Amino acid sequence: QVQLVESGGGLVQPGESLRLSCAASGSIFRIYGMGWYRQAPGKQRDLVATITSGGNTAYADSVKGRFTISRDNAKNTVYLEMNSLKPEDTAVYYCYAAIRYSGTFNVRSYWGQGTQVTVSS
């Protein structure tokens, strides 16, 4: 079984920064795309940022210039550096990874458990 474990969420004031981490473990043959979604109470889950195995990145317009996604392939880990945080960034953040499990040809998405980010004065 493959598991994704998130960490780094918390309560911060507007303008402060947080760094989220998401580490994948298990019988992994290869990890392809990775990324982050977020969901605020009463709202849909939206894509925040993605990164391909080759390092190409894409961001939602709402976070461009403030958030940076990166990955460490040796550690099977994806990061989200969040700077200049705003109250509207408050949400549960979920990481995902497209993974080929060892011994199979199928690729599927795995999800982290979610980590709460609250931005409030």
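Model, not experiment: these values are computed from the prediction.

Scoring rules and cut-offs
Residues numbered from 1 in each chain as written. Predicted model: local features only at pLDDT ≥ 70, side-chain atom pairs only at ≥ 80, totals over all residues. Heavy atoms only, no water. Phe/Tyr/Trp six-rings, centres within 6.5 Å; stacked < 30°, edge-to-face > 60°. Lys NZ or Arg CZ within 6 Å of the ring centre and 35° of its normal. Helix = DSSP H or I, 4+ residues; strand = E, 2+ residues; numbered from the N terminus. Buried < 20%, exposed > 50% of the residue type's maximum accessible area, 1.4 Å probe, protein only. Lys, Arg positive; Asp, Glu negative; His and termini not counted. Salt bridge = Lys/Arg side-chain N within 4 Å of Asp/Glu carboxyl O. Contact = heavy atoms within 4.5 Å. Pairing = 2+ DSSP bridges. Axes fitted to C-alpha atoms, helices over the stretch in contact; angles between N-to-C directions. Disulfide = S-S within 2.5 Å.

Draft legend 1. Examining the packing of aromatic side chains more closely. Scanning the model with the defined rule gives three aromatic pairs in all. A cation over a ring is seen here: R45 above W111, with NZ or CZ 4.2 Å from the ring centre.

Draft legend 2. Quick peek at the side chain of R100. Mapping R100 onto the fold places it in strand 9 (residues 91-101). No salt bridge is formed by the buried R100; the nearest opposite charge belongs to D72, separated by 20 Å. With sequence-adjacent residues up to four places away left out, R100 is seen in contact with I28, F29, R30, Y32, F105, N106 and V107.

Draft legend 3. Local environment of the pattern of salt bridges. The tally for this structure, following the rule as stated, stands at four salt bridges. Linking R38 and D89 is a salt bridge whose minimum nitrogen-to-oxygen distance equals 3.0 Å. One end of the pair, R38, is in strand 4 (residues 28-39); the other, D89, is in the loop between strand 8 (77-82) and strand 9, and 51 residues separate them in sequence. Among the residues examined, D89 registers a relative accessible area of 1% and is labelled buried.

Draft legend 4. Structural view of the pairing of strand 1 (residues 3-7). Because side chains alternate across strand 1, one face comprises the buried residues L4 and E6, and the other comprises Q3, V5 and S7, none of which is buried. Note that strand 1 and strand 3 (residues 18-25) share five bridges and pair antiparallel. Its bridge partner being in strand 3, E6 is matched across the sheet by C22.

Draft legend 5. Quick peek at the pairing of strand 3. Two elements, strand 3 and strand 8, share six bridges in a ladder whose sense is antiparallel. What sits directly across from S21, in strand 8, is Y79.

Draft legend 6. View of the sheet that holds strand 3. Strands sit in the order 1-3-8-7 across an open sheet of four strands; the sheet is antiparallel. Bordering the open sheet on either side are strand 1 and strand 7 (67-72), each of which pairs with just one other strand. Averaged over neighbouring strand pairs, the angle between their axes works out to 15° when direction is ignored.

Draft legend 7. Representation of the environment of D89 in the model. For the pair D89 and A49, spaced 40 residues apart in the sequence, the C-alpha separation amounts to 13 Å. Not counting chain neighbours up to four residues away, the residues in contact with D89 comprise R38, R66, F67, S84, V117 and V119.

Draft legend 8. Seen up close, the state of the cysteines. Following the criterion strictly, the structure yields one disulfide and no others. Residue pairing for C22: its cysteine sulfur links by disulfide to C95, the two sulfurs lying 1.9 Å apart. Between C22 and C95 the sulfur-sulfur dihedral comes to about 45°; the bridge is accordingly right-handed. Of this pair, C22 sits in strand 3 while C95 sits in strand 9; the two residues are 73 residues apart in sequence, bridging distant segments of the chain. The exposure classification of C22 matches that of C95, with both residues buried.

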